[in-house]
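Single-letter residue listing:
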Amino acid sequence: MKQFIGCDVHKKYSVFVSVDETGRASRPVRVSHEAGELATYLESLPAGSPVAVETTGHWYWMFDAIEEAGLDPRLTHALAAKRMMVSPNKTDKLDAKGLATLLLNGSLPEVWAPGAEIRDLRGLMRSRLAMRRMGTSLKNRIGAAFARYGLPKNWTGDLFGSGTAATECVRRSLEALPVQSRFATMEELELLRTIEQRVEAVTTRIAGSVGKLGWVRRLRTLPGVGEILGPTIYLEIGEIARFATPGNLAAYAGLVPSVHSSGGHTRLGRIRRECNQFLKWAFVEAAEVVVCHQETMSARHVVRLYRRVKNNKADRHNKAVVAVARHLAESAWHILKGNQDYREPQPTPGMIQRYHCAGRSL
């Protein structure tokens, strides 16, 4: 009889519960991750049995171990599964049994699991992003330390630029700080230089490992997408075949508003929060690049789209950026699906006629 297995993963041990086709659950089995106990237990399970594993911080190696044992790992959306397992109590046994039951019923909220190589490369990209955020945090602290003492004076450029003027400005500002504040700020500056060196090393690694792929070169034809955003988008999307339409990819990236419809009234809400945050960041970052360079890209569709949605209203900037990001996400679907470079959208004859009747221009 076929077994459906739920696995509640922890750092040092996991709890397994099997449910057969009649819905009868086995007793929970707690398996240690040490001394080969896990591999021995997995090999004792019926070959090909589906095993549900939640998207926790330990799923990478557990997923591989289940696959190596000849079983069928199923990656589960942890939050969605918790919502479906309605219970006033929470224990390892109940979690494992709940996953197995969802698996049996065919209602397990599965998510796509990238291959080992993609997971490894994703770690490279995400580490670079984390280091850049550390650098930004340090820059904010250093700038705040200077600002507390009215420094630097008569300076409007990038304080952390590579030019000699910026370097001299930082040196003079440091000399003007009190003793202890100067020491702390100098230490933060040294740490910032170290982080920037490590970011450069990771960037070089990215260029040699994924930056030269043909798919990445295609994605870099998107407006605002460069050497870092191209690989990020490619790795976070993974297999484009899993997205049936451009809208599906945009929704996965969290760039589609929620819909509230009842009694003939439809209202669009906020954009989705449960999404691939890294992919969302990449498309929004690309859209912000477009906005920053809109004067030199004024003839591009993305700039016209931004200006049309913003409509000269200061509070519409974020909505306009999301609109551009969604266009880029949908365009990425066409690029990867059709193996082609980005092409400017061509208005249809009907669209041109509607705009002319409204006294507007495309």
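Look a little higher up for the structure.
Quick notes on the rules
Residues numbered from 1 in each chain as written. Predicted model: local features only at pLDDT ≥ 70, side-chain atom pairs only at ≥ 80, totals over all residues. Heavy atoms only, no water. 1 Å grid on protein atoms, 1.4 Å probe; cavity = no way out; pocket = protein on both sides within 12 Å on 5 of 7 lines; lining within 4 Å. Points joined across faces, edges and corners; volume = space filled by probe spheres on them. Helix = DSSP H or I, 4+ residues; strand = E, 2+ residues; numbered from the N terminus. Nonpolar A, V, L, I, M, F, W, Y, C, P; charged D, E, K, R; others polar. Phe/Tyr/Trp six-rings, centres within 6.5 Å; stacked < 30°, edge-to-face > 60°. Buried < 20%, exposed > 50% of the residue type's maximum accessible area, 1.4 Å probe, protein only. Lys NZ or Arg CZ within 6 Å of the ring centre and 35° of its normal. Expected span 1.5 Å × (residues − 1). Contact = heavy atoms within 4.5 Å. Pairing = 2+ DSSP bridges. Axes fitted to C-alpha atoms, helices over the stretch in contact; angles between N-to-C directions.

1. A look at the layout of surface pockets
Next, step 1: Put simply, the largest pocket is a space of about 700 Å³.
Next, step 2: If you go around the largest pocket, you meet 22 residues; those closest to its centre are His77, Val111, Tyr252, Cys275 and Asn276.
Next, step 3: Mapped by element, the contributors of at least two residues to the lining of the largest pocket are α2 (59-68), α5 (116-148), α10 (246-252) and α11 (277-292).
Next, step 4: For the lining of the largest pocket, the per-class residue count stands at 11 nonpolar, 4 polar and 7 charged.
Next, step 5: Looking at the second largest pocket, it is lined by 13 residues, and the ones nearest its centre are Gly269, Arg270, Ile271, Lys319 and Val322.
Next, step 6: The element best represented in the lining of the second largest pocket is helix α13 (residues 317-338), accounting for 5 residues.
Next, step 7: Residues that form the lining of the second largest pocket fall into these classes: 5 nonpolar, 3 polar and 5 charged.

2. Some details on the packing of aromatic side chains
Next, step 1: Counting across every chain of the model gives 4 aromatic pairs.
Next, step 2: Ring geometry for Phe16 and Tyr41: centres 4.8 Å apart, planes at 45°, overall tilted. With Phe16 in strand β2 (residues 13-20) and Tyr41 in helix α1 (residues 37-44), this pair connects stretches of sequence that are 25 residues apart.
Next, step 3: An angle of 85° between the planes, with centres 5.6 Å apart, marks the rings of Trp59 and Phe63 as edge-to-face. Remark: Phe63 and Trp59 occur in helix α2; sequence separation between them is 4 residues, near one turn of the helix.
Next, step 4: For Trp59, a relative accessible area of 10% gives the class buried.
Next, step 5: By way of ring pairs, the aromatic residues Trp59, Tyr60 and Phe63 are connected into one cluster.
Next, step 6: Lying over the aromatic face of Tyr252, Arg242 brings its terminal NZ or CZ to 4.8 Å of the ring centre.

3. Looking at α5
Next, step 1: The end-to-end C-alpha distance of α5, which contains 33 residues, comes to 48 Å, matching closely the 48 Å that a straight helix rising 1.5 Å per residue would cover.
Next, step 2: Looking at α5, one finds that the buried residues are Arg119, Leu121, Arg122, Met125, Arg128, Leu129, Met131, Gly135, Leu138, Ile142, Ala145 and Phe146.
Next, step 3: Those residues of α5 that are buried are in contact with α2, α6 (164-176), α7 (179-209), α9 (229-237), α10 and α11.

4. Here we look at unusual backbone geometry
Next, step 1: The residue after Leu151, namely Pro152, is reached through a cis peptide bond having omega -10°.
Next, step 2: Its place among the elements puts Pro152 in the loop between α5 and α6.
Next, step 3: In this model, Ala35 sits at a positive phi of 60°, which is unusual for a non-glycine residue.
Next, step 4: For Ala35, a relative accessible area of 86% puts it in the exposed group.
Next, step 5: One non-glycine residue, Asn154, lies in the positive phi region at around 55°.
Next, step 6: Summarising the element assignment, Asn154 is placed in the loop between α5 and α6.

5. Brief notes about the sheet that holds β2
Next, step 1: Ordered in space as β3-β2-β1-β4-β5, the 5 strands form an open sheet in which the pairing is mixed. For this open sheet the edge positions go to β3 (29-32) and β5 (72-76), each flanked by a neighbour on one side alone. Ignoring which end each strand starts from, the neighbouring axes of this sheet average 30° apart.
Next, step 2: Of the pairings in the sheet, the one linking β2 to β3 comprises 4 bridges and is antiparallel in character. Bridge pairing in β3 places Phe16 opposite Val29.
Next, step 3: Helix-sheet contacts for α1 involve β2 and β3, and the interaxial angle to β3 is about 135°.
Next, step 4: With respect to the sheet, helix α4 (residues 92-105) is in contact with β1 (3-9), β2, β4 (50-54) and β5, its orientation differing from that of β2 by roughly 40°.

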